[in-house]
Amino acid sequence: MKNGTTNILIVGVGGQGVLLASEILCEVAKIMGLDAKKSEVHGMSQRGGVVTSHIRFGKKVYSPLIPEKEADSILAFEIAEGLRWIDELKEGGTMIANSQRIVPPIVSTGKFDYPAEIEKRIKEKVPGAKIVNAFAIAKNLGNTRLVNTILLGVLSQSIDLEEKKWLEVIERMAPKNTGEINKKAFLEGRQQ
Amino acid sequence: MEMLLSGNEAIARGVYEYGGEFTSAYPGTPSTEILQTIARFFKDDVYAEWAINEKCALENTVGASYGGARSVAVMKHVGVNVAADPLMTLSYTGVGAGLILVSADDPSLHSSQNEQDNRCYGKFASIPVLEPSDSQEAKDFIENAFEISEKFDTPVLFRITTRISHSKGLVKIGERKTVEHDGFERNPKKYVMVPAHAAKRHEIIIERLENLKKFAEETPLNRIEWGDKKVGIITGSVAYQYAREAMPDASILKLGFGYPLPMKKIEEFASEVDRLFVVEELEPFYEEQILAAGIEVEGKKFFSNFLELNVTRVRNGFIEAGVLDGKPVKIENKQLLPRPPVLCAGCPHRGLMVALKKLKVYTTGDIGCYTLGALPPLEQIDTCLCMGASIGHAFGIEKAGKTEKKAVALLGDSTFLHSGITALASTVYNKGTTTTVIADNNITAMTGGQDHPGTSRTLMGEETHAIDLVQLCNALGVEHVRVVDPYDLEETTNVLKEEIDRDATSVVITNRPCMLFPRKIKDKPYTVNLELCTACGACFRVGCPAISGSEKKNDKGKPKSEIDPAMCTGCTICVQVCPVDAIVELEQE
Ligand SMILES: Cc1ncc(C[n+]2csc(CCOP(=O)(O)OP(=O)(O)O)c2C)c(N)n1
């Protein structure tokens, strides 16, 4: 946390709602009265590629990208992506991963294997890693698109901001007519 | 008020606030959202359009500027190559009202075919280059750019990169201000570039460059942040942010006005610091000019011209140079599991790829979603150079006469309109017998679903004329134009075979819309009957993201397939390649 900047890396696969989650996080930083930057590369992400979003906030943020191995938190929307990016976490950082697996089509052609024992490998690297089944929680709530707000809820435990403010931002930023259910999803995540 | 804006949104906002009236673009990542933002939020005040290609976008913009409107053309870096012809002489004519050319470069090739550094166009055309380093500057510099353009009678190259375009930061918002300009006035010595006039103008341009150099010395766009004088850094664009963070105590000369360089200021800065560095992405653009001015400086030796920079790479460079303590941080390649982009489930290009594969032809490719057909498992695209190149490639391979297999040209509708029409006319004229396939999904899909002159809608949402591709090809002299349904593998294969075998120029056009844009298309999903499935893998080889290996295996341990009903759009390509009819419509309760 050099110069008091907080670095959060969100990773996942195209279509999982990474971008909305990072957008919400930046708005949260803004209402905390902080400078904020975020960066992600759009383009191929819509076609099933890897999506990463860098979010940084603090008194004054320069680079829009988090330097290597300086993430305070990593929020992985997909378990293999969690393992892919885990080395970006700084010593003592917070690792949160959704246990959901998204298998790319290339695996079924037999050219590559989906990695084995991912949860174990994550725990070996970061013993305190928190692995949640956000997909199952979302399914229970009746909409698998809620994965992103559930995971934000989990992350919110490590960010110093009142619950009320989070809920305000989610209400404002959620897609039309989904404010209530997204707030509910967020609170579910916050209790994990 | 402050808003969280991407660089692209901030530029759109800047065009609005600083009196922009006319904007034209051809889509291209990372620049596309600039005009989309203008059309969405500011269309009552600022006109915005998709031109058929970048040359046309710039020429329209020039006309609007001559005609008295503050004007902006927007394109990705390679688009400027297409617009380079008007650009080079536009430098000579100068402008009417302020004119900005936004060039969005793509270091690291996140979604491009090369990593060219378009600051070089500034030097090439003798025009000023502005380089914002974050969203706030992206907005503010639009005002400077209009003013510089009008004051010096020059187009301004506004150079951004993917990181500027797609990073968000807080931006202070203001009101719209407008400037009055007269309409077009006859002035042949300025606007008619016949040799005699152009020679005179060249002299003026040389003088203009001298004046711009003086301006570069004074403008606050270039500023010195004094710190420790052991290390001095000259930097601009997003590299400034990396350098500032990597070397918080160093002295920095930040260039917002990246060409022509303020050489006196640089000399003074150099004389105050012990060691001078340039930190810039891509080419040694500042570095070479500074060296040529006889000033000692180090740069590319520590900060490579390959791919984007970032804080870690900049820190590593300074550690290597011996001016920063610490050990370099190794940048790892995150090779766990590849997730190459794939054609969407239901994409109409898939059937085409499967049919072409069956026919065992070479496919000279082009730039669009169908380029993804180059990757496994389809691997059916054999060339990809620049937009519109496919037709010439196939023609040239045929004329070279040394290749046994036939070559078929494949390009999309947006690409055909962008720069395929002329190539097809040239093929007919020169008696080529190649087949051109237009994968017409009636949208510009790769860049996120933009309209074009074949879709009947403008960027501002109005109905308009749609070009009829069949009539157009006929008019170019192609007698044999066939339209096929790419969801029908047999028909598509047969028609392609007939036309490829024909001894005349021919065109085959597919007729299914993109299933993502302008609206999602989803028909009844299909499912795999696991009793019948033999795990032969035929359906895996069409490369559909909705199809994956299931838990069920055949006796050799190979996985049988399964289909994700949420993703399946019911296109039936897999049904048609399954040799045992194991894929059937999903019975829904
Ligand atoms: C000169 C140039 N301008 C813009 C682009 C960005 N670009 C990449 S693909 C594409 C168009 C694709 O549209 P189309 O040919 O209709 O194919 P689709 O993606 O719809 O299949 C564009 C504009 C580019 N690569 N080069």
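K.L.:
So what about the overall build of chain A? Which residues, and what values?
P.N.:
Helix and strand content of chain A: seven helices and six strands. Of the regular secondary structure in chain A, the N- to C-terminal order runs β-α-β-β-β-α-β-α-β-α-α-α-α. The C-alpha atoms of chain A give 16 Å as radius of gyration, which agrees with the globular expectation for 192 residues (16 Å, within 12%). Expressed as a percentage of the 192 residues in chain A, the buried residues total 58%. When the accessible surface of chain A is summed, it comes to about 8,100 Å², and 49% of that surface belongs to carbon and sulfur atoms. Across chain A, the centroid of the 27 positively charged side chains sits 3 Å from that of the 23 negatively charged ones.

K.L.:
For the packing of helix H1 (residues 18-31) of chain A against helix H6 (residues 163-173) of chain A, give the residues involved together with the corresponding values.
P.N.:
Residue and element names in this part refer to chain A. Orientation of H1 relative to H6, taken along the N-to-C sense of each, is 130°, at an axis distance of 10 Å. By the angle between their directions, the pair H1 and H6 is classed as oblique. Relative to H6, the crossing made by H1 is right-handed. Between H1 and H6, the contacting residues are Leu20, Glu23, Ile24, Leu25, Glu27, Val28 and Ile31 on the first element and Lys165, Trp166, Val169, Ile170, Arg172 and Met173 on the second. For the contact of H1 with H6, the class distribution of residues is nine nonpolar, no polar and four charged.

K.L.:
Would you mind going over the packing of aromatic side chains in detail, with residue names and values included?
P.N.:
Residue and element names in this part refer to chain B. If you walk through the whole model with that rule in mind, you get 17 aromatic pairs over all chains. With 4.4 Å between their ring centres and 15° between their planes, Tyr16 and Phe42 make a pair best called stacked. One end of the pair, Tyr16, is in helix H1 (residues 7-17); the other, Phe42, is in the loop between helix H2 (33-41) and strand E3 (47-50), and 26 residues separate them in sequence. Tyr16 gets classed as buried once you look at its relative accessible area, which sits at 17%. Above the plane of the ring of Tyr286 lies Arg119, whose end atom (NZ or CZ) is 4.8 Å from the centre. Against the face of Trp226 rests Lys229, its NZ or CZ located 4.4 Å from the ring centre.

K.L.:
A description of the site of the ligand should follow, citing residues and the corresponding values.
P.N.:
All names here are of chain B. In the vicinity of the ligand lie 26 residues, with Glu54, His349, Asp413, Thr415 and Ala445 positioned nearest. Between the ligand and Thr415 there is a distance of 2.5 Å, counted from an oxygen atom to a side-chain nitrogen or oxygen. Within the contact set of the ligand, an oxygen atom lies 2.9 Å away from a backbone nitrogen or oxygen of Met446. Surface burial for the ligand is 97%, taken as the share of its 590 Å² of free accessible area covered by protein chains.

K.L.:
How would you summarise the domain arrangement of chain B if you had to cite specific residues and measurements?
P.N.:
According to the domain assignment, chain B contains domain 1 (2-218), domain 2 (222-321), domain 3 (349-510) and domain 4 (526-585). Computed from C-alpha coordinates alone, the two centres of domain 1 of chain B and domain 4 of chain B are separated by 51 Å.

K.L.:
Give a description of the pairing of strand E15 (residues 407-412) of chain B that names residues and reports values.
P.N.:
Residue and element names in this part refer to chain B. Counting buried positions along E15 gives six out of six residues, so the element sits mostly inside the fold. The alternating pattern of E15 places Ala407, Ala409 and Leu411 and Val408, Leu410 and Gly412 on opposite faces, both of which are buried. Alignment of strand E14 (residues 362-364) against E15, held across three bridges, turns out to be parallel. Paired with Thr363 across the two strands is Val408, which belongs to E15.

K.L.:
Can you lay out the environment of Ile142 of chain B for me, pointing to particular residues and giving the numbers?
P.N.:
Residue and element names in this part refer to chain B. Mapped onto the elements, Ile142 comes out in helix H7 (residues 135-152). Along the chain, Ile142 and Pro132 lie 10 residues apart, while their C-alpha atoms are 9.4 Å from each other. What Ile142 contacts, discounting residues up to four positions off in sequence, is Ile11, Gly14, Val15, Tyr18, Ile100 and Phe158.

K.L.:
Quick rundown of the interface of chain B and chain A? Include the residues and the values.
P.N.:
With 53 residues of chain B at the contact, the number on the chain A side is 52 residues. A per-residue breakdown of the area chain B buries against chain A is headed by Lys334, Leu336 and Arg339 of chain B, which together make up 19% of the total. Counting across the interface, chain B meets chain A through five salt bridges. Taking the shortest distance from any N to any O, the salt bridge between Glu78 of chain A and Arg339 of chain B comes out at 3.1 Å. Seen at the junction of chain B and chain A, the total is 13 residue pairs in polar contact (both at pLDDT 80 or more). Contributions of two or more residues to the side of chain B that touches chain A are made by strand E1 (2-6), helix H8 (162-166), strand E8 (167-172), helix H11 (237-246), helix H14 (311-320) and strand E20 (547-553) of chain B. Tallying contributions element by element places H11 of chain B first for the side of chain B that touches chain A, with six residues.

K.L.:
Give a detailed account of unusual backbone geometry, specifying residues and quantitative values.
P.N.:
All names here are of chain B. Cis geometry marks the peptide bond from Thr29 to Pro30, where omega comes out at 10°. With respect to the helices and strands, the residue Pro30 is situated in the loop between strand E2 (22-25) and H2. Note the cis peptide between Phe517 and Pro518, where omega equals 0°. Assignment of secondary structure puts Pro518 in the loop between strand E18 (506-510) and strand E19 (526-528). In this model, Ser126 sits at a positive phi of 55°, which is unusual for a non-glycine residue. Mapped onto the fold, Ser126 is located in the loop between helix H6 (119-125) and strand E6 (129-130). Relative accessible area serves as the criterion here: at 17%, Ser126 is assigned to the buried category.

K.L.:
Which residues make up the side chain of Arg201 of chain B, and what values do they have?
P.N.:
Inspection of the secondary structure assignment puts Arg201 of chain B in helix H10 (residues 195-218). Those residues in contact with Arg201 of chain B, other than ones at most four positions away along the chain, are Tyr92, Thr93, Gly94, Asp153, Lys189, Lys190 and Met193 of chain B.

K.L.:
Go over H10 of chain B, please, and point to the residues and values.
P.N.:
Residue and element names in this part refer to chain B. Taking 1.5 Å as the rise per residue, H10 with 24 residues should run 34 Å; its terminal C-alpha atoms sit 35 Å apart, in good agreement. Within H10 the residues assigned to the buried category are Ala198, Arg201, Ile205, Arg208, Leu209, Leu212, Phe215 and Ala216. Looking at the packing, one finds that the buried side of H10 touches helix H5 (84-93), H6, H7, helix H9 (188-191), strand E9 (222-225) and strand E12 (257-259).

K.L.:
Describe a negative patch on the surface, and please don't skip the residues or the numbers.
P.N.:
Where like charges cluster on the molecular surface, the negative patch consists of Glu21, Glu180, Asp182 and Glu185 of chain B. Within the fold, Glu185 of chain B resides in the loop between E8 and H9.

K.L.:
Describe the side chain of Glu68 of chain A, listing the residues and the values that go with them.
P.N.:
Assignment of secondary structure puts Glu68 of chain A in the loop between strand E3 (50-58) and strand E4 (71-76). Residues in contact with Glu68 of chain A, not counting those within four places in the same chain, are Glu88 of chain A together with Asn310, Thr312, Val329, Lys330, Ile331, Glu332 and Lys334 of chain B.

K.L.:
Hey, could you go over the environment of Ile573 of chain B for me, with residue numbers and the actual values?
P.N.:
When you line up the elements, Ile573 of chain B lands in helix H20 (residues 573-577). For Ile573 of chain B and Gly412 of chain B, which are 161 residues apart along the polypeptide, the C-alpha to C-alpha distance reads 20 Å.

About the cut-offs
- Starting from 1, residues in each chain are numbered consecutively following that chain's sequence as written.
- Starting at A for chains and at 1 for ligands, labels are handed out in the order in which the entities are written.
- A pLDDT threshold of at least 70 governs which residues receive local features in this predicted model, and a stricter bar of 80 or more applies before side-chain atom pairs are shown or counted, although totals over entire chains, interfaces and linings include all residues.
- Think of the side-chain values as coming from all heavy atoms in the structure, minus any hydrogens and water.
- By the criteria applied, helices consist of DSSP H or I runs no shorter than four residues and strands consist of E runs no shorter than two, each listed in order from the N terminus.
- Between the two quantities, the radius of gyration covers C-alpha atoms and the globule rule is 2.2 Å times the number of residues to the power 0.38.
- When a residue's accessible area, from a 1.4 Å probe over protein chains only, is under 20% of the maximum for its type it is buried; when over 50% it is exposed; and in between it is partly exposed.
- For every accessible area listed, the method is Shrake-Rupley and the probe measures 1.4 Å; residues are considered covered only by the protein chains on display.
- Positive charge is attributed to Lys and Arg, negative charge to Asp and Glu, and no charge count is given to His or to the chain ends.
- By convention, charge coordinates are those of NZ in Lys, CZ in Arg, CG in Asp, or CD in Glu.
- Axis lines are fitted through C-alpha atoms, for helices just across the contact stretch, and the angle between N-to-C directions can take any value from 0 to 180 degrees.
- Angular relationships are summarised with four words: roughly parallel below 35 degrees, roughly antiparallel beyond 145, roughly perpendicular across 65 to 115, and oblique for the angles in between.
- Each crossing gets its handedness from the near helix: less than a right angle anticlockwise from the far helix is left-handed, clockwise is right-handed.
- Every residue pair with non-hydrogen atoms within 4.5 Å of one another is taken to be in contact.
- Three classes are used, and their members are as follows: Ala, Val, Leu, Ile, Met, Phe, Trp, Tyr, Cys and Pro are nonpolar, Asp, Glu, Lys and Arg are charged, and the others, Gly among them, are polar.
- The rule is short: rings of Phe, Tyr and Trp, with Trp giving its six-membered ring, pair when the centres are within 6.5 Å, and they are stacked under 30 degrees, edge-to-face over 60, tilted in between.
- Lysine NZ or arginine CZ positioned within 6 Å of the ring centre and within 35 degrees of the ring normal marks a charge as sitting over the ring.
- Any residue with a non-hydrogen atom lying within 4 Å of a molecule or strand is treated as near it.
- Here a polar contact is recorded for every N or O atom pair within 3.5 Å, except that within protein the pair must consist of a potential hydrogen donor and a potential acceptor, and residues adjacent in sequence are included only if both atoms are side-chain atoms.
- As annotated, the domain borders come from an automatic or database domain assignment.
- Each pair of strands is called paired provided DSSP finds at least two bridges between the two strands.
- Using a 1.4 Å probe, buried area is obtained as the accessible area two parts lose upon being combined, added over both of them.
- For this document, the term salt bridge refers to a Lys or Arg side-chain nitrogen within 4 Å of an Asp or Glu carboxyl oxygen.
- A helix's residues, less one, multiplied by 1.5 Å, set its expected span.
- Like charges are joined within 9 Å and nonpolar side chains (Val, Leu, Ile, Met, Phe, Trp, Tyr) within 5 Å, but only among residues with over 30% relative accessible area and no salt bridge; these make up the patches.

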